[in-house]
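These are the residues of each chain, in order.
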Amino acid sequence: MNGRIAVLISGSGSNLQALLDACNDGVIPGRIIRVISNRDDAFGLERARRAGVSTSTIRHTDHSDRAAFDAAVAERLDADGTDLVVLAGFMRILTSGFVSHYTGRMINIHPSLLPDYRGLNTHERALSDGVQRHGCTVHFVVPELDAGPAVVQGTVPVYPDDTPQQLQQRVHAQEHRVYPLAVRWFVQGRLALDGEHATLDGVPLHSPLRIAPEDPLPE
Ligand code: GRF
């Protein structure tokens, strides 16, 4: 089992909540051992405390540069014996040294169907392009931003009169389904990174699994 999970957040932590619930319900056969935030005011810290999970605030503003901040985070993660680092709305760019240290054991969720719309303001950009489907992607983290091997995508329809907020909410609902799924697979030892590809049950994923709102979740 790869069951010791740390979650890194900067904000609301609704994905963290979905992961806490999935651990609590036994859907994920692991434990969130710590939540780390770079901001004191992240509501996710409160969610962690309510769930009885240890929290650390490691302020980027207390460190001289990115490398020093990342070293402080890595020290905490390694002291905890962390198996999996889950980025869930963590709004800091990580150094390549940090990313390399956690290669194959750090995942992120991004609010678009990667490789489309890397970066910020994904919902606004999808709407202004008039796309018909949008969604989220769980991927292994590599040094290049929003570029690592993808595992699973939650898709949603886009309606002509959607506001960015409506679209964001629809995507969020899918994030809360697919992120616990990917974490479960990792903890079960079924999901791994093998070079350029994620593998599930030993089979390379040449493209991510795609799950629509009406689809049941796979085993
Ligand atoms: C999510 O949209 C996620 O895709 C992105 O950051 C947001 C975090 O939301 N990486 P929350 O803090 O989990 O509610």
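This is a predicted model, so every value here is computed, not measured.

Caption draft 1: Representation of the pattern of salt bridges in the model. The full count for this structure, using the stated rule, is 10 salt bridges. Among the ionic pairs, Arg34 bridges to Asp80, the shortest N-O distance being 2.5 Å. With Arg34 in strand 2 (residues 31-37) and Asp80 in the loop between helix 3 (66-79) and strand 4 (84-87), this pair connects stretches of sequence that are 46 residues apart. Judged by its relative accessible area of 12%, Arg34 is buried. Of the residues examined, Asp80 reaches a relative accessible area of 12% and is grouped as buried. Between Arg50 and Glu46 there is a salt bridge, with its nearest N and O atoms 3.3 Å apart. Remark: Glu46 and Arg50 occur in helix 2 (residues 43-50); sequence separation between them is 4 residues, near one turn of the helix. With relative accessibility at 61%, the residue Arg50 sits in the exposed group.

Caption draft 2: Summary view of the site of the ligand. As a matter of local geometry, the ligand sits amid Ser12, Gly13, Ser14, Asn15, Gly89, Ile109, His110, Pro111, His172 and Glu175. In the environment of the ligand, a nitrogen atom lies 2.8 Å from a nitrogen or oxygen atom belonging to the backbone of Ile109. In this structure, an oxygen atom belonging to the ligand sits 3.1 Å away from a side-chain N or O atom of Glu175. Relative to its unbound accessible area of 370 Å², the ligand is 84% covered by the protein chains. Contributing elements (two or more residues each) for the shell around the ligand: helix 1 (14-24), strand 5 (106-110) and helix 6 (164-187). Of the residues in the shell around the ligand, the class split is 2 nonpolar, 7 polar and 1 charged.

Caption draft 3: Geometry of the packing of aromatic side chains. Taken as a whole and judged by the stated rule, the model has 2 aromatic pairs. Relative to Phe90, the ring of Phe69 lies with its centre 6.4 Å away and its plane at 15°, an arrangement referred to as stacked. Here the residue Phe69 occupies a position in helix 3, and Phe90 occupies one in the loop between strand 4 and helix 4 (96-101), the gap between them amounting to 21 residues. With respect to burial, Phe69 and Phe90 carry one shared label: buried. Here the aromatic rings of Phe98 and Tyr102 are separated by 4.9 Å at their centres, their planes lie at 50°, and the arrangement is tilted. For the pair Phe98 and Tyr102, a shared accessibility class is recorded, and that class is buried. Across from the ring centre of Phe69, 5.8 Å away, lies the NZ or CZ of Arg92, which sits over that ring.

Caption draft 4: Looking closely at helix 6. Between its first and last C-alpha, helix 6 extends 34 Å over 24 residues, near the 34 Å set by a 1.5 Å rise per residue. After helix 6 finishes, the residue Gly189 shows a positive phi value of roughly 80°.

Caption draft 5: Molecular detail of the sheet that holds strand 8 (residues 191-194). Read from one edge of the open sheet, 3 strands run 8-9-10, paired in antiparallel fashion. Because the sheet does not close on itself, it has two edges, and the strands there are strand 8 and strand 10 (203-204). Two elements, strand 8 and strand 9 (residues 197-200), share 4 bridges in a ladder whose sense is antiparallel. For Leu193, the partnering residue across the bridge sits in strand 9 and is Ala198.

Caption draft 6: A look at the nonpolar core. Residues Val7, Ile32 and Val183 are the most contacted members of the largest nonpolar core, which totals 42 residues. When residues of this core are assigned to their parent elements, the largest contribution, 10 residues, is made by helix 6. In this structure Val183 touches Ile5, Leu19, Ile28, Leu84, Val86 and Ile107, once residues within four positions along its chain are discounted. Residues Ile36, Phe69, Leu87 and Phe98 belong to the second largest nonpolar core, which totals 17 residues.

Caption draft 7: Geometry of the side chain of Asn108. With respect to the helices and strands, the residue Asn108 is situated in strand 5. If near-sequence neighbours (up to four positions away) are discounted, Asn108 is found in contact with Leu87, Thr137, Val138, His139, Val141, Asp146 and Tyr179.

Caption draft 8: Here's a closer look at the layout of surface pockets. Considered as a void within the structure, the largest pocket measures approximately 1000 Å³ in volume. Only helix 1, strand 5, helix 5 (122-129) and helix 6 provide two or more residues apiece to the lining of the largest pocket. Among the residues forming the lining of the largest pocket, the class breakdown is 16 nonpolar, 18 polar and 6 charged. Of the pockets and cavities examined, the second largest pocket occupies roughly 330 Å³. What lines the second largest pocket is a set of 21 residues, and nearest its centre among them are Ala147, Gly148, Pro149, Ala150 and Glu196. Elements supplying a minimum of two residues to the lining of the second largest pocket: strand 6 (133-140), strand 7 (150-157) and strand 9. Its residues assigned to classes, the lining of the second largest pocket comprises 10 nonpolar, 8 polar and 3 charged.

Procedures and definitions
Residues numbered from 1 in each chain as written. Predicted model: local features only at pLDDT ≥ 70, side-chain atom pairs only at ≥ 80, totals over all residues. Heavy atoms only, no water. Salt bridge = Lys/Arg side-chain N within 4 Å of Asp/Glu carboxyl O. Helix = DSSP H or I, 4+ residues; strand = E, 2+ residues; numbered from the N terminus. Buried < 20%, exposed > 50% of the residue type's maximum accessible area, 1.4 Å probe, protein only. Near = heavy atom within 4 Å. Polar contact = N/O pair within 3.5 Å; in protein donor to acceptor, adjacent residues only side chain to side chain. Areas by Shrake-Rupley, 256 points an atom, 1.4 Å probe, with all protein chains shown as cover. Nonpolar A, V, L, I, M, F, W, Y, C, P; charged D, E, K, R; others polar. Phe/Tyr/Trp six-rings, centres within 6.5 Å; stacked < 30°, edge-to-face > 60°. Lys NZ or Arg CZ within 6 Å of the ring centre and 35° of its normal. Expected span 1.5 Å × (residues − 1). Pairing = 2+ DSSP bridges. Core = buried A, V, L, I, M, F, W, Y, C linked by side-chain atoms within 4.5 Å. Contact = heavy atoms within 4.5 Å. 1 Å grid on protein atoms, 1.4 Å probe; cavity = no way out; pocket = protein on both sides within 12 Å on 5 of 7 lines; lining within 4 Å. Points joined across faces, edges and corners; volume = space filled by probe spheres on them.

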